[in-house]
Amino acid sequence: MSVTRHAVARQSRPAAPEPAIVDLHTHTTRSDGVLEPAELVRQVAGTAVRWLAITDHDSLAAYRELTAPGSPPLPPGLELLPGIEINAVTRGLDLPEGELHVLGFGVNPADESFEAALVAQRAARRTRFEEAVRRLREIGLPVDDQVATIDRTRDDSLGRPTLARALVAAGHVASVDQAFEDLLGWGRPGYVPRVGMGPVEAIRAVRAAGGLPVLAHFGAAAERLDLIRELTDAGLAGLESHHRSFDEVARAAVSGVARELGLLETGGTDYHGDLGPYAETHALLVFPAELAERAVAAIRERGAPPEEAR
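Parameters at a glance
- Numbers given for residues are sequential positions, taken from 1 along each chain in its written order.
- With the structure being a predicted model, the display of local features is reserved for residues of pLDDT at least 70 and the display and counting of side-chain atom pairs for 80 or more, all residues being used for whole-chain, interface and lining totals.
- Only hydrogens and water are set aside when side-chain values are computed; all heavy atoms of the structure are taken into account.
- The helix count covers DSSP runs of H or I at least four residues long, the strand count covers runs of E at least two residues long, and both are numbered beginning at the N terminus.
- The buried label applies to any residue whose accessible area, calculated with a 1.4 Å probe on protein chains only, is under 20% of its type's maximum; exposed applies above 50%, and partly exposed to all values in between.
- Areas reported here follow the Shrake-Rupley algorithm with a probe of radius 1.4 Å; residue values treat only the protein chains shown as occluding.
- For two strands to pair, DSSP has to find at least two bridges joining them.
- Every axis corresponds to a line fitted to the C-alpha atoms, with the helix fit spanning only the stretch in contact, and the corresponding angles, defined between N-to-C directions, vary from 0 to 180 degrees.
- Only centres within 6.5 Å qualify two rings of Phe, Tyr or Trp (six-membered ring in Trp) as a pair; their planes then separate them into stacked at under 30 degrees, edge-to-face at over 60, and tilted for everything else.
- Contacts are assigned to residue pairs that have any heavy atoms within 4.5 Å of one another.
- Under the rule applied, a polar contact is a pair of N or O atoms within 3.5 Å (in protein, one hydrogen donor and one hydrogen acceptor; residues adjacent in sequence only if both atoms are side-chain atoms).
- This arc describes the spread of directions from the helix axis toward the C-beta atoms.
- Salt bridges are defined as contacts in which a side-chain nitrogen from Lys or Arg sits within 4 Å of a carboxyl oxygen from Asp or Glu.
- Any angle from 65 to 115 degrees is called roughly perpendicular, while one under 35 is roughly parallel, one over 145 is roughly antiparallel, and all others are oblique.
- Two helices crossing with the near one rotated counterclockwise from the far one by less than a right angle form a left-handed crossing, whereas a clockwise rotation gives a right-handed crossing.
- We call Asp, Glu, Lys and Arg charged. Ala, Val, Leu, Ile, Met, Phe, Trp, Tyr, Cys and Pro are nonpolar, and the rest, Gly among them, are polar.
- The score called pLDDT rates the predictor's confidence residue by residue, from a low of 0 to a high of 100.

Draft legend 1. Inspection of the overall build of the protein chain at higher detail. Broken down by element type, the protein chain carries eleven helices and eight strands. With the C-alpha coordinates aligned to their principal axes, the bounding extent of the protein chain is approximately 50 × 50 × 40 Å. Expressed as a percentage of its 310 residues, the buried residues of the protein chain come to 57%. About 12,600 Å² of surface is accessible on the protein chain, with carbon and sulfur atoms providing 54% of the total.

Here's what the structure looks like:
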C-alpha cells in the first residue's frame, strides 16, 4: 500500500485497547478530506481526544479559520495544535511513488516565508490535479462535471483522494480503493508525478517556521535506517510510530528506530472521512497516553506564539 493510500484504504484492525487522547494527523476539505474544519472538530469532540492537529496537505487554512478572532470557541476540553503535512518529492530515492510525507507540528501560522513556500506547493498540486483530470478524460473516464463543483475561489490543496471520489461519483469505479488501484496509483493511467519540495527542504522549512518536522507513516523505517539517519542529520525531529494503519509489528519497528535515534514518537488517524464518521476511525488508533502526552509537550515547546494560540 502506498503512503497516500494509508489515508483512504479500509482497515481491518481491531479496536485500540484504550481510546487515544491525542490525534496528530487529520485532514479537512482544505486539502483532501471530506469534512469542513468545524465539522471535524465537532466530531473529534465526541471522542476521548484532548489534543488535535489538523494536518492538511500544504495548508494551514483550517487552523487559521478555527483560531481566528471572532471564530466560535473550540469545544471544552479540546486543544487545537498547529499542524501541516508536506508531500515531499524524493527525486531518485527508491521509495513508493517517489515521495515522503513530512508532518510539521507547532509551526507559526503567521510565518510569511513558510506560507510562501506552501503557496508554491499548492500551485503545483493544482497543476498536477488538472493534468490528471485531462488524462482521465483522454482515456474515456471524464470527471469534469464532478470536479466542477470544487470552489476555485479558495486556495485549497487538491489531491488524488478528491479525484478518486469524483471517479466514484461518475460511476467509473466502485470505490476510492479501486480508483487508486486501477487509475491513480503510481504507474497507472491517471497518475501524474509530483513536483515540489524535497524532504530535506520540507524539514528545514518546518524548522524555520518554528515547528517540529516528523516523518509520516513510514513503515519501512527499520529497513531504511540510513535514510532516517540522513534526515535526522538534516533536522528531522520525529517519526509517526503510531499511524492508524500500523499493526503491532509495524508500531514496534518504527518505535524502535525512534528510540535508537532519539526521535519523538507521534501518532494519528490520518482521518480523511471516506470510511465513515471520525469516531469509527479514532477507535482504531493505538497511541499510548504516555507517548501522546510527551508528543504534545514537545509541540507546545515549539508551538505558535501565545497571542496566536487558542
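Draft legend 2. Focus on the sheet that holds strand β6 (residues 212–215). Strand order in the open sheet formed by five strands is β4-β5-β6-β7-β8, with mixed pairing between adjacent strands. One side of each edge strand has no neighbouring strand; the edge strands of this open sheet are β4 (83–89) and β8 (264–268). On average, adjacent strands in this sheet sit at an angle of 35° to one another, irrespective of strand direction. Pairing between strand β5 (residues 99–105) and β6: four bridges, direction antiparallel. Residue pairing across strands places V102 opposite L215, the latter belonging to β6.

Draft legend 3. Region of the structure containing the packing of aromatic side chains. Within the structure shown, the criterion is met by one aromatic pair. With 5.3 Å between their ring centres and 80° between their planes, Y271 and Y278 make a pair best called edge-to-face. Using a relative accessible area of 0% as the deciding quantity, one classes Y278 as buried.

Draft legend 4. Structural detail: the side chain of T266. Here T266 lies in strand β8. Assessed through its relative accessible area of 0%, T266 is described here as buried. Excluding anything up to four places from it in sequence, T266 contacts L24, F105, V214, L239, E240, S241, H242, F287 and A295.

Draft legend 5. Main features of the side chain of Q43. Positionally, Q43 belongs in helix α1 (residues 37–44). Residue Q43 is classed as buried on the basis of its relative accessible area, which comes to 17%. Polar contacts involving the side chain of Q43 include one to the main-chain amide nitrogen of Y278, which spans 2.8 Å. Residues within four places of Q43 in sequence aside, it is in contact with L35, Y271, P277 and Y278.

Draft legend 6. Structural view of helix α6 (residues 176–184). Taken residue by residue, α6 has V176, A179, F180, L183 and L184 as its buried positions. Projected down its long axis, α6 shows its buried positions confined to an angular sector of 115°, all on one face. Looking at the buried residues of α6, the elements they touch are α3 (112–138) and α5 (160–169).

Draft legend 7. Fine view of the pattern of salt bridges. Applying the stated rule across the entire model yields 16 salt bridges. Between E99 and R194 there is a salt bridge, with its nearest N and O atoms 3.0 Å apart. Of this pair, E99 sits in strand β5 while R194 sits in the loop between α6 and α7 (199–208), placing them 95 residues apart in sequence. With respect to class, E99 is no different from R194; both count as buried.

Draft legend 8. Broad picture of the packing of helix α8 (residues 225–233) against helix α9 (residues 248–261). For the pair α8 and α9, the least separation of the axes is 11 Å and the interaxial angle reads 45°. In terms of orientation, α8 lies oblique with respect to α9. In the packing of α8 onto α9, the handedness of the crossing is right-handed. Where α8 approaches α9, its residues L225, I228, R229 and T232 are matched on the opposing element by V257, E260 and L261. Grouping the amino acids of the contact of α8 with α9 by side-chain chemistry returns four nonpolar, one polar and two charged.

Draft legend 9. Molecular detail of the sheet that holds strand β2 (residues 51–54). Spatial strand order, β1-β2-β3: three strands in an open sheet with parallel pairing. Strands with a single pairing partner mark the edges of an open sheet, and in this sheet they are β1 (22–26) and β3 (79–81). The mean angle between the axes of side-by-side strands here comes to 20°, regardless of whether they run parallel or antiparallel. Across three bridges, β2 lies against β3 in parallel orientation. Its bridge partner being in β3, W51 is matched across the sheet by E79.

Draft legend 10. The arrangement of the confidence of the model for the protein chain in detail. Of all residues in the protein chain, 92% have pLDDT values of 70 or greater, and the mean over the chain is 90. For residues 1–10, every residue scores under 50 in pLDDT, and the model assigns this stretch 36 contacts once sequence neighbours within four places are set aside. This model gives residues 304–310 a pLDDT under 50, and the stretch forms 19 contacts once residues within four places in sequence are excluded.

Draft legend 11. Geometry of the environment of G185. Within the secondary structure layout, G185 lies in the loop between α6 and α7. Classification of G185 as buried rests on a relative accessible area of 7%. As for G185 and R91, which are separated by 94 residues in sequence, their C-alpha atoms are 18 Å apart. Beyond its immediate stretch of four places on either side in the chain, G185 contacts E97, R160, F180 and Y191.

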